[in-house]
Amino acid sequence: MVQNKRIAVVGGNGKAGRFVVQKALEKGYAVRMLVRNPQRVTVSDERVEVTKGNAEDISSIQALLEGCDAVINTLGQPNKATPIYSKVTSHILATMKELGIQRYITVTGGSLNAPGDRKSPINKMGAWLFRRLYTDMIADKEKELRILLKSDADWTLVRLPFVIEKPAVGKIKVNLYDMPGMKMTNPDIADFLVNQISDTKYICKYPFISN
């Protein structure tokens, strides 16, 4: 039952992660968050456990995942920071295998190209532009995808459009081949991510979503 399940959340203090934590609680899950600074945690609920640590440190990931049933990773970084997405995913997958956890849900940008894509000309142009502007980040995101493709975990890599800070729209479009829209609210992103914990439709896939 949902009430007996604990979800590990990486990036729970971030723009999307805060909503993921709240949505998970609304759906009856317990949550364990990995954060650098526990003082920044604003959610107050007895079902929330805060683990202080660094996602780059595999011992922090191990402490986070122990006793959890699934992992949602919404880690974000400043544009000029050295990308660590592939490193964090590698740590998570290795720890999941050790602990017998199967379900992993994470996010990336809609500019990431993946096998089987059939992007429209404008989205192809957008992907090309992002590659030019954020070369290191895109390269690391591509590395993350390669790691996932080799994994035997039940992973889902959700590709996002531009994220906007507005109330939920309540309408979510999903497409496996091209971005179905240009924007999406954080609450709607969180709703989709948390639903993937028990939904098997997009296991080992990289769907695009939007409002």
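Here goes a summary of the coordinates provided. (Residues numbered from 1 in each chain as written. Predicted model: local features only at pLDDT ≥ 70, side-chain atom pairs only at ≥ 80, totals over all residues. Heavy atoms only, no water.)

A look at helix H6 (residues 186–195)
So, step 1. Along H6, nine of the 10 residues are buried, which leaves the element largely enclosed by surrounding structure.
So, step 2. Within H6, the full set of buried residues consists of Asn-186, Pro-187, Asp-188, Ile-189, Ala-190, Asp-191, Phe-192, Leu-193 and Val-194. (Buried < 20%, exposed > 50% of the residue type's maximum accessible area, 1.4 Å probe, protein only. Helix = DSSP H or I, 4+ residues; strand = E, 2+ residues; numbered from the N terminus.)

Considerations on the packing of aromatic side chains
So, step 1. Counted under the stated rule, the structure contains three aromatic pairs.
So, step 2. On the numbers, 5.4 Å between centres and 45 degrees between planes, the contact of Phe-130 with Tyr-134 is tilted.
So, step 3. When its relative accessible area of 26% is taken as the criterion, Phe-130 is described as partly exposed.
So, step 4. With 6.4 Å between their ring centres and 15 degrees between their planes, Trp-155 and Tyr-206 make a pair best called stacked. In this pair, Trp-155 sits in strand E6 (residues 154–160) while Tyr-206 sits in the loop between H6 and strand E10 (208–210), placing the two residues 51 residues apart along the sequence.
So, step 5. Residue classification places Trp-155 among the buried positions, given a relative accessible area of 2%.
So, step 6. For Tyr-206, a relative accessible area of 13% corresponds to the buried category.
So, step 7. Geometry around Tyr-85 places Lys-141 over its ring, the cationic atom sitting 3.7 Å from the centre. (Phe/Tyr/Trp six-rings, centres within 6.5 Å; stacked < 30°, edge-to-face > 60°. Lys NZ or Arg CZ within 6 Å of the ring centre and 35° of its normal.)

Some thoughts on empty space enclosed by the protein
So, step 1. Taken as a whole, this structure holds two cavities of 30 Å³ or more when the rule is applied.
So, step 2. If you add up the space inside the largest cavity, you get close to 40 Å³.
So, step 3. What lines the largest cavity is simply Asn-73, Thr-74, Leu-75, Tyr-85, Thr-89, Thr-106, Val-107, Lys-141 and Glu-144.
So, step 4. Taken together, the elements giving at least two residues each to the lining of the largest cavity come down to helix H3 (85–99), strand E5 (103–109) and helix H5 (135–150). (1 Å grid on protein atoms, 1.4 Å probe; cavity = no way out; pocket = protein on both sides within 12 Å on 5 of 7 lines; lining within 4 Å. Points joined across faces, edges and corners; volume = space filled by probe spheres on them.)

Looking at the pairing of E5
Walk down a regular strand and you will see the side chains alternate between the two sheet faces.
So, step 1. The buried fraction of E5 amounts to six of the seven residues, a majority that puts the element mostly inside the structure.
So, step 2. Across four bridges, strand E4 (residues 70–73) lies against E5 in parallel orientation. Within E5, the position partnered with Asn-73 by the bridge is Thr-106.
So, step 3. Tracing the backbone out of E4, into H3 and back to the parallel element E5 gives a crossover that is right-handed. (Pairing = 2+ DSSP bridges. Right-handed = clockwise from strand over helix to strand, strands pointing away.)

Here's the deal with the environment of Ile-138
So, step 1. Tracing the chain through its elements places Ile-138 in helix H5.
So, step 2. Ile-138 sits 26 residues away from Leu-112 along the chain, and the two C-alpha atoms are 6.9 Å apart.
So, step 3. For Ile-138, the residues in contact, after removing those within four places along its chain, are Ser-111, Phe-130 and Arg-131. (Contact = heavy atoms within 4.5 Å.)

Remarks on unusual backbone geometry
So, step 1. Although it is not a glycine, Cys-204 adopts a positive phi angle of roughly 60 degrees.
So, step 2. Here Cys-204 shows up in the loop between H6 and E10.

As for the nonpolar core
So, step 1. Ile-72, Val-158, Leu-193 and Ile-197 are the most contacted members of the largest nonpolar core, which has 27 residues in total.
So, step 2. Broken down by secondary-structure element, the contributors of at least two residues to this core are strand E1 (6–10), helix H1 (17–26), strand E2 (30–35), E4, E5, E6 and H6.
So, step 3. The element best represented in this core is H6, accounting for five residues.
So, step 4. Residue contacts for Val-158: discarding those within four places in its chain leaves Ile-105, Thr-106, Val-107, Thr-108, Phe-192, Leu-193, Pro-207 and Ile-209.
So, step 5. With 26 residues, the next largest nonpolar core counts Ile-61, Cys-68, Tyr-104 and Trp-155 among its residues. (Core = buried A, V, L, I, M, F, W, Y, C linked by side-chain atoms within 4.5 Å.)

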